[in-house]
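Survey of secondary and tertiary structure
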Amino acid sequence: MNEQSPSLDHPKVVQGSKPRYEIHVDASGEPAGKTYFTEHAAADGTRQRIFPHTEVAEEYGGHGLASTLVRGALDASIAEGYRIVAVCPYVKGWIEKHPEYQQHVDATTPEHLQALERR
């Protein structure tokens, strides 16, 4: 069975070659949106992914792609055993609207912000 090509109605979220997740809406290989992350190990060894920024190309605004992208990125990160640190205002707001994700979220600390500065 062939995998369906991504489309605006059926976007595909994938982990990109850089530390980010991408959402694709066609077969061009160019992402319509991205959410970046930095992997971090807390002092107690907890594996975390810090999400500092999410963007969707202006021409794709209003289609819910940012929400689909963030859900896919968080679901994949949680499945891989990471805790979520939401620095990005969009990711923070999305989690507030989806309280079932709160159990997987760690509060942002100065240590997380320093990790972002080092990347």
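Refer to the preceding data block for the structure.
Reading the values: the criteria
- Every chain's residues receive numbers from 1 upward, in the order its sequence appears when written.
- Under the rules for a predicted model, residues below a pLDDT of 70 receive no local features and side-chain atom pairs below 80 are neither given nor counted, while totals for whole chains, interfaces and linings still include all residues.
- With hydrogens and water set aside, each side-chain value is computed from the structure's full complement of heavy atoms.
- Centres within 6.5 Å make a pair out of two Phe, Tyr or Trp rings, where for Trp the six-membered ring is used; the pair is then stacked when the planes are under 30 degrees apart, edge-to-face when over 60, and tilted otherwise.
- Each helix is a run of H or I in the DSSP string that is no shorter than four residues. Each strand is a run of E no shorter than two, and both are numbered from the N terminus.
- Here the term buried applies to any residue with accessible area under 20% of the maximum for its type, exposed to any over 50%, and partly exposed to those in between, with areas from a 1.4 Å probe on protein chains only.
- To sit over a ring, a charge needs its Lys NZ or Arg CZ within 6 Å of the ring centre and within 35 degrees of the ring normal.
- For this analysis, residues touch if any pair of their heavy atoms sits within 4.5 Å.
- By this rule the span expected of a helix is its residue count minus one, scaled by 1.5 Å.
- Starting at the helix axis, one direction is taken to each C-beta atom, and the arc is that of these directions.

With that settled, consider the packing of aromatic side chains. In this structure the tally under the stated criterion is 3 aromatic pairs. With 5.5 Å between their ring centres and 40° between their planes, Tyr21 and Phe37 make a pair best called tilted. Of this pair, Tyr21 sits in strand 2 (residues 20-24) while Phe37 sits in strand 3 (residues 33-41); the two residues are 16 residues apart in sequence, bridging distant segments of the chain. Overall, the relative accessible area of 3% leaves Phe37 in the buried class. Here Arg49 stacks its cationic end above the ring of Phe37, 4.3 Å away from the centre of that ring.

Further remarks concern the side chain of Lys34. Residue position: Lys34 is located in strand 3. Discounting residues that sit within four places of it in the chain, Lys34 has contacts with Arg20, Tyr21, Glu22, His53, Thr54, Glu55 and Leu69.

This next bit is on helix 1 (residues 65-79). Taking 1.5 Å as the rise per residue, helix 1 with 15 residues should run 21 Å; its terminal C-alpha atoms sit 21 Å apart, in good agreement. Along helix 1, the positions that sit buried rather than exposed are Leu65, Ala66, Leu69, Val70, Ala73, Leu74 and Ser77. Along the axis of helix 1, the buried positions cluster into a sector of 155°, meaning they face one direction only. Tucked inside the fold, the buried residues of helix 1 contact strand 1 (12-15), strand 2, strand 3, strand 4 (47-56), strand 5 (83-86) and helix 2 (89-97). Just downstream of helix 1 lies Gly81, where phi reads positive at about 90°.

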